[in-house]
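Overview (structure and organization)
Spelled out from the first residue to the last, the chains are:
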Amino acid sequence: MEYFLQQLINGLTLGAIYGLIAIGYTMVYGIIGMINFAHGDVFMIGAFIAIIAFALVWTTGLASIPLAILLVLVVTMIFTAAYGWAVERIAYRPLRGSFRLAPLISAIGMSIFLQNYVQLLQGARIKPLPPLISGGVILTEGNGFAVQLNYTQMIIIVVTVLLMAAFTLVITRTALGRAQRACEQDRGMAALLGIDVDRTISLTFVMGAALAAVAGLMFALYYGVVDFFIGFLAGLKAFTAAVLGGIGSLPGAMLGGILIGLIEAFWSGYFSVEYKDVAAFSILVLVLIFRPTGLLGRPEVEKV
Amino acid sequence: MTALLTVEHLTMRFGGLTAVDDLSFTAAAREITAIIGPNGAGKTTVFNCLTGFYKPTVGRLTLAHDGGTYLLEQLDGHCIAKDAKVARTFQNIRLFARMTVLENLIVAQHNRLMRASGYTLLGLFGHPRYARAEKEAVELARHWLERTRLTDLADWEAGNLPYGAQRRLEIARAMCTRPTLLCLDEPAAGLNPRESGELNHLLQAIRDEDGVGVLLIEHDMSVVMQISDHVVVLDYGRRIADGPPEAVRNDPAVIRAYLGEEEDEELPPEIVADLGGTP
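Residues numbered from 1 in each chain as written. Chains lettered and ligands numbered in written order. Predicted model: local features only at pLDDT ≥ 70, side-chain atom pairs only at ≥ 80, totals over all residues. Heavy atoms only, no water.

**Notes on the overall build of chain A**
A tally of helices and strands in chain A yields 11 helices and four strands. In terms of overall dimensions, chain A is globule-like: its C-alpha atoms have a radius of gyration of 19 Å, near the 19 Å expected for 304 residues. In terms of its C-alpha atoms, chain A occupies a principal-axis envelope of roughly 65 × 50 × 35 Å. Residues counted as buried form 53% of the 304 residues belonging to chain A. Of the contacts made within chain A by residues no fewer than 6 positions apart, 74% connect residues no fewer than 24 positions apart. Carbon and sulfur atoms make up 71% of the accessible area of chain A, which amounts to about 13,600 Å² in all. Looking at chain A, you have 16 positive and 14 negative side-chain charges, and the mean spots of the two groups are 9 Å apart. (Helix = DSSP H or I, 4+ residues; strand = E, 2+ residues; numbered from the N terminus. Rg over C-alpha atoms; globule rule 2.2 N^0.38 Å. Buried < 20%, exposed > 50% of the residue type's maximum accessible area, 1.4 Å probe, protein only. Contact = heavy atoms within 4.5 Å. Areas by Shrake-Rupley, 256 points an atom, 1.4 Å probe, with all protein chains shown as cover. Lys, Arg positive; Asp, Glu negative; His and termini not counted. Charge placed at Lys NZ, Arg CZ, Asp CG, Glu CD.)

Quick look at the structure:
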């Protein structure tokens, strides 16, 4: 039982990170119907920017760790969002209105470019982040096993919940969110109502990248190491999460992320760590076969 | 009577096909201008040029109102609504089907809300200026809901509305952009006679009370003859007649275009009646 609880906590933490990345996939898919394959690498860039920001914050001699993390969070979100914006501006906008596969190929190109860009600038070796937060809360103890919720996990879960709430508010309550939903349904009509479609799409990329930045920071805090290749697997898992939840659906992305996180945690806890990715991707295959629209997705209706 | 919209030498070619051929006409503010013509005459193409869906091959489309003069063919898509203040509805209805009726009307007021919300950030923190702007937006939406008799359906998903209500909602949404020119593509299509009579009143009110210029594509001759101040007739992309409705309906060229070339044959009386004349 204690072991189960521990894996549950681990899975939720992992799932929160996947969910944050998955939202970026799902929002971009919703608005332009394209999988942004460079999104995982934007997450990786976020992790690197976080580590650099931590190093810079250290040099200022800031002593308070919560304040340092908050500062790094803001800086990381801003810079990563700028990357997200640039990716859209350079690789996707010029291809809008071109044939469907073109932006997909340029997305893959962008992904390879970003990986190599970071490898060149930061080197291929892993970058460590010294553990900043130690300790945690022991929830229960028994059978010689203590269930621990450590502070990093707590921060990850709390920040994720807050961000999800904020994003839901933006999408459902603000003019920007309404414009995004309008562009999702009919871009031509949205423009006719005076909505700047290009800007709305840009802002969608910016929002997705900002969330990926948070995920990057959390990843760095949680695992303590990053390298230029982490975006690939994390991106693929988050993409799986988005498809599992129903691509285009915001709550779906979060739910999918949490499910993938739990599957991974329980699989590694009870079966084998080596095959945890197999478990996650088998789920993708099964979902695509039995429920192609995902758990919360809505069935695609052909326009007549 | 000043010209709100001036179309000069508009030509639209698709490969070898000339859909609109050297068309010139004007539409005045506070008037209903109807564009009529047989199927394939190029009416919707004119609308698509006006609203930025097509870039005209040749021609100039000038829109002048208090806020300035705009060349529609050079404006970016969203500026046609935002700056030139042209609104449009579609022959095949294009509502945001998965939004509520009220949301459809509020999304049409996007630019005002975006400005008031300080591009979202202020809005998120509940700044009073945004709260006020949003209240105004809801008020305008309620106003148009009332005028289109949709108040009771405000919280429905737009896609679930009955057909006639969807048509009215499209007009309400277009009016919520606060246009100076309203382009309606067959607003009476599929409406029953009672609904179509209501539509006439609505359009007349939009002209007289709101002072909006209306550009109307319509097949239903009773609508055209009753409410339009000015009729432009197209055939094969060319203008074949232009004038007040009484003059146009007796124009031999128009009758020929609608009924084909058959010399020395009396028109059946019901068709003459349909065109609004006396047999």
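**Some thoughts on the sheet that holds strand β8 (residues 213-217) of chain B**
Residue and element names in this part refer to chain B. Overall, mixed pairing links the six strands, which are arranged β6-β7-β8-β3-β9-β10 in an open sheet. Both edges of this open sheet fall to β6 (86-88) and β10 (238-243), since each of them pairs with a single strand only. Direction aside, the axes of adjacent strands within the sheet are offset by 15° on average. Packing of helix α8 (residues 193-208) onto the sheet brings it into contact with β3 (32-36), β7 (181-185) and β8, and relative to β3 it is tilted by some 130°. (Pairing = 2+ DSSP bridges. Axes fitted to C-alpha atoms, helices over the stretch in contact; angles between N-to-C directions.)

**Concerning the confidence of the model for chain B**
Looking at chain B as a whole, the pLDDT averages 86, with 90% of positions reaching at least 70. Confidence metrics for the complex model read pTM 0.88 and ipTM 0.83. (pLDDT = per-residue confidence, 0-100.)

**Observations concerning the pattern of salt bridges**
Summed over all chains, the structure comprises 20 salt bridges over all chains. In the salt-bridge network here, residues are joined through shared partners; they are A:Glu88, A:Arg93, A:Arg96 and A:Asp198. (Salt bridge = Lys/Arg side-chain N within 4 Å of Asp/Glu carboxyl O.)

**Concerning the domain arrangement of chain B**
All names here are of chain B. If you check the domain split of chain B, you get domain 1 (1-85 + 179-279) and domain 2 (94-177). Taken together, the 21 residues of domain 1 in the interface contact 14 residues of domain 2. Summed over both sides, the interface of domain 1 with domain 2 buries roughly 1,300 Å², with 61% coming from carbon and sulfur. Summed over the shared surface of domain 1 and domain 2, the number is three salt bridges. Salt-bridge contacts for Glu198 lead to Arg149; the nearest nitrogen and oxygen are separated by 2.9 Å. Contributing elements (two or more residues each) for the side of domain 1 that touches domain 2: β7 and α8. When residues of the side of domain 1 that touches domain 2 are assigned to their parent elements, the largest contribution, seven residues, is made by α8. Of the residues belonging to the side of domain 1 that touches domain 2, the class tally is 12 nonpolar, one polar and eight charged. (Domains from an automatic or database assignment. Buried area = accessible area lost by both parts, 1.4 Å probe. Nonpolar A, V, L, I, M, F, W, Y, C, P; charged D, E, K, R; others polar.)

**Digging into helix α2 (residues 39-59) of chain A**
All names here are of chain A. Helix length check: α2, at 21 residues, gives a terminal C-alpha distance of 30 Å against a target of 30 Å (1.5 Å per residue), a fit within 8%. The buried fraction of α2 amounts to 16 of the 21 residues, a majority that puts the element mostly inside the structure. Directly beyond the C-terminal end of α2, a positive phi value near 75° is found at Gly61. (Expected span 1.5 Å × (residues − 1).)

**Quick word on the packing of aromatic side chains**
What describes a pair of aromatic rings is the distance from one ring centre to the other and the angle between the planes of the rings. Taken as a whole and judged by the stated rule, the model has 17 aromatic pairs over all chains. Between A:Tyr3 and A:Tyr270, the aromatic rings sit 5.4 Å apart at their centres with planes inclined by 80°, giving edge-to-face as the arrangement. Taken as a pair, A:Tyr3 in helix α1 (residues 2-32) and A:Tyr270 in helix α10 (residues 250-270) lie far apart in primary sequence, 267 residues in all. Using a relative accessible area of 32% as the deciding quantity, one classes A:Tyr3 as partly exposed. Relative to A:Tyr223, the ring of A:Phe219 has its centre 4.7 Å away and its plane inclined at 45°; by these criteria the two rings are tilted. Pair noted here: A:Phe219 and A:Tyr223 are both in helix α8 (residues 197-223), with a separation of four residues, about one helical turn. Taking the relative accessible area as the measure of exposure, A:Tyr223 reaches 40% and is therefore partly exposed. Ring pairing ties together the aromatic residues A:Tyr3, A:Phe4, A:Phe266 and A:Tyr270, which thus form one cluster. The ring centre of B:Phe53 lies 5.7 Å from the NZ or CZ of B:Arg88, which sits over that ring. Over the aromatic face of B:Phe96 sits the side chain of B:Arg173, whose NZ or CZ is 5.0 Å from the ring centroid. (Phe/Tyr/Trp six-rings, centres within 6.5 Å; stacked < 30°, edge-to-face > 60°. Lys NZ or Arg CZ within 6 Å of the ring centre and 35° of its normal.)

**What about the interface of chain B and chain A?**
Counting from both sides, the interface comprises 29 residues of chain B and, opposite them, 27 residues of chain A. Taken together, both faces of the contact between chain B and chain A bury some 2,500 Å²; the carbon and sulfur share is 63%. Summed over the three residues of chain B that lose the most area to chain A, namely B:His78, B:Phe96 and B:Arg98, the buried surface amounts to 25% of that side. Residue A:Arg181 pairs with B:Glu103 through a salt bridge whose shortest N-O separation is 2.9 Å. The interface formed by chain B and chain A holds nine residue pairs in polar contact (both at pLDDT 80 or more) in total. Breaking the side of chain B that touches chain A down by element, the ones donating at least two residues are α2 (77-82), β6, α3 (101-107), α4 (110-116) and α6 (128-147) of chain B. Each residue belonging to the side of chain B that touches chain A can be placed in one class, and the counts come to 15 nonpolar, seven polar and seven charged. (Polar contact = N/O pair within 3.5 Å; in protein donor to acceptor, adjacent residues only side chain to side chain.)

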